[in-house]
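# Examining the three-dimensional arrangement
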Amino acid sequence: MAAIIDGKTISLQIKDELKQKAAEMKKQGINVTLAVIQVGDNPASCVYVRNKKKGCEYIGIGSLSYELPEETTQQELLDLIQELNGRKDVNGILVQLPLPSHIDEDTVIRAIDPKKDVDGFHPQSVGALCIGQPGFVSCTPAGIIQLLKRSGIEIAGKECVVLGRSNIVGKPMSLLLLRENATVTIAHSRTKELKEVTSRADILIVAIGKPKMITRDYVKPGAVVIDVGINRDADNKLCGDVDFEDVEPICSAITPVPGGVGPMTIAMLLNNCIESVNLQ
Ligand code: NDP
């Protein structure tokens, strides 16, 4: 039986720590505020934005909400970002992705002041991570490092395989594991002998967006398995990229979906908001 890595409990611990920090900062007259921008009304984005605002409320920091209509032009969005970049009372700026197809995400991400880039997506934030300088780290991979550390799982010297190479999960994940002194392999859709590669992992991190693709034949017995995927299965039930029922009996620890990596993403966003004060 594997240990179940409980992201709900760990994220709550982190949020309670942040709540204390926010209260101490308030006493010193420092008020932290996150600005959240959503364009259009994609149902999943609405849920994420609502949860982010709830998270701010929970830890006691301010949030400003900009719900813009689907037909907002790229220039209007860039103008708003420019205004928020200049505001001293705004510490973090988050633009909820995906954006409508007439808006170029890269241009928008680059427009955010790197000192307010709490999502950690700006090229300057990514570059800083790459060369080990201070900056914001993408929330989901940062949350996974916390999940591992707070579950007592050692990373240094371990064989880690990251399956998926996206800019927001796979790539920053592998850089963070490297920073923790793991030996890191990145695998993707063009990797040959994928099962052989993933079966080398002491810690396997899966971020591919393929419902339940990873069965026990991809996993070394005793490995730690972190499932980043958020998908719907054939019955429309939420599921990960890992076939939990099949893999859980042979691994040493595993994250469930939901309740594993998901809750950590918001906790780390809130952490970035608190940390933003040090960068500004
Ligand atoms: P992307 O679609 O951007 O990237 C998927 C990656 O997986 C690509 O690198 C792709 O390879 C690789 N891949 C796809 N299919 C296969 C395959 N059959 N074999 C091997 N590699 C494959 O996804 P994201 O990184 O944005 O997200 C991944 C999953 O994580 C999704 O389910 C998403 O919903 C979830 N997610 C969850 C978050 C959370 O808070 N828990 C946050 C962010 C994402 P290639 O590059 O060669 O195309």
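From a predicted model like this one, the values you see are computed outputs, not experimental measurements. (Residues numbered from 1 in each chain as written. Predicted model: local features only at pLDDT ≥ 70, side-chain atom pairs only at ≥ 80, totals over all residues. Heavy atoms only, no water.)

## A closer look at helix 5 (residues 123–130)
- Of all the residues in helix 5, the buried ones are S125, A128 and L129. One side of helix 5 carries all its buried residues, which in axial view fall inside an arc of 100°. Opposite the buried face of helix 5, by more than 90 degrees, sit the exposed residues Q124 and C130.
- Buried positions along helix 5 lie against helix 7 (170–179).
- The positive-phi residue at the C-terminal boundary of helix 5 is G132, with phi of around 75°. (Buried < 20%, exposed > 50% of the residue type's maximum accessible area, 1.4 Å probe, protein only. Helix = DSSP H or I, 4+ residues; strand = E, 2+ residues; numbered from the N terminus. Arc of directions from axis to C-beta. Contact = heavy atoms within 4.5 Å.)

## A short note on the pattern of salt bridges
- Following the criterion strictly, the structure yields 10 salt bridges and no others.
- A salt bridge links D233 to K212; its shortest N-O distance comes to 3.8 Å. Of this pair, D233 sits in the loop between strand 9 (231–232) and strand 10 (238–239) while K212 sits in the loop between strand 7 (203–206) and strand 8 (224–227), and the two are 21 residues apart along the sequence.
- A cluster of three or more residues bridged by salt bridges with shared partners is formed by E83, R87 and D89. (Salt bridge = Lys/Arg side-chain N within 4 Å of Asp/Glu carboxyl O.)

## Topic: the domain arrangement of the protein
- According to the domain assignment, the protein contains domain 1 (31–118) and domain 2 (139–262).
- Measuring from the centre of the C-alpha atoms in domain 1 to the corresponding centre in domain 2 gives 29 Å. (Domains from an automatic or database assignment.)

## Re the site of the ligand
- By nearness alone, 22 residues border the ligand, and R165, S166, S189, I230 and T265 come closest of all.
- Note that an oxygen atom of the ligand is positioned 2.6 Å from one of the side-chain N or O atoms of S166.
- Between the ligand and the protein, one listed contact pairs a nitrogen atom with a backbone N or O atom of V228 at 3.4 Å.
- When the ligand is considered free in solution it has 930 Å² of accessible area, and contact with the protein chains removes 70% of it. (Near = heavy atom within 4 Å. Polar contact = N/O pair within 3.5 Å; in protein donor to acceptor, adjacent residues only side chain to side chain. Areas by Shrake-Rupley, 256 points an atom, 1.4 Å probe, with all protein chains shown as cover.)

## Side note on the packing of helix 1 (residues 7–27) against helix 6 (residues 139–150)
- With their axes 10 Å apart at the nearest point, helix 1 and helix 6 run at an angle of 100° to one another. For the element pair helix 1 / helix 6, the angle class is roughly perpendicular. Touching G7, I10, Q13, I14 and E17 of helix 1 are Q146, L147 and R150, all from helix 6.
- Residues of the contact of helix 1 with helix 6, tallied by class, amount to 3 nonpolar, 3 polar and 2 charged. (Axes fitted to C-alpha atoms, helices over the stretch in contact; angles between N-to-C directions. Parallel < 35°, antiparallel > 145°, perpendicular 65-115°, else oblique. Nonpolar A, V, L, I, M, F, W, Y, C, P; charged D, E, K, R; others polar.)

## A few points about the sheet that holds strand 6 (residues 183–187)
- The 6 strands lie next to each other as 1-11-8-7-5-6, forming an open sheet whose pairing is parallel. Each having just a single partner strand, strand 1 (3–4) and strand 6 make up the two edges of the open sheet.
- Each of strand 5 (159–163), strand 6 and strand 7 touches helix 7; the most contacted strand, strand 5, lies at about 170° to it. (Pairing = 2+ DSSP bridges.)

## Some thoughts on a nonpolar patch on the surface
- On the surface, Y48, I230 and L238 cluster together to form a nonpolar patch covering roughly 260 Å² of accessible area.
- Turning to its location among the elements, I230 is positioned in the loop between strand 8 and strand 9. (Patch = residues over 30% accessible without salt bridge, like charges linked within 9 Å, V, L, I, M, F, W, Y side chains within 5 Å.)

## Thoughts on the environment of R110
- Inspection of the secondary structure assignment puts R110 in helix 4 (residues 105–111).
- For R110, a relative accessible area of 55% translates into the label exposed.
- Along the chain, R110 and D233 lie 123 residues apart, while their C-alpha atoms are 35 Å from each other.
- If near-sequence neighbours (up to four positions away) are discounted, R110 is found in contact with H122 and P123.

## Regarding unusual backbone geometry
- In this structure, the amide linkage connecting L97 to the following residue, P98, adopts the cis form with an omega of 0°.
- With respect to the helices and strands, P98 occurs in the loop between strand 4 (92–95) and helix 4.
- Of note, the amide linkage connecting V257 to P258 takes the cis form, showing an omega dihedral of 0°.
- Within the secondary structure, P258 sits in the loop between strand 11 (253–254) and helix 10 (262–279).
- Backbone geometry places E193, a non-glycine residue, at a positive phi of 50°.
- Mapped onto the secondary structure, E193 falls in the loop between strand 6 and helix 8 (194–198).
- Judged by relative accessible area, E193 falls into the exposed class, the value being 55%.

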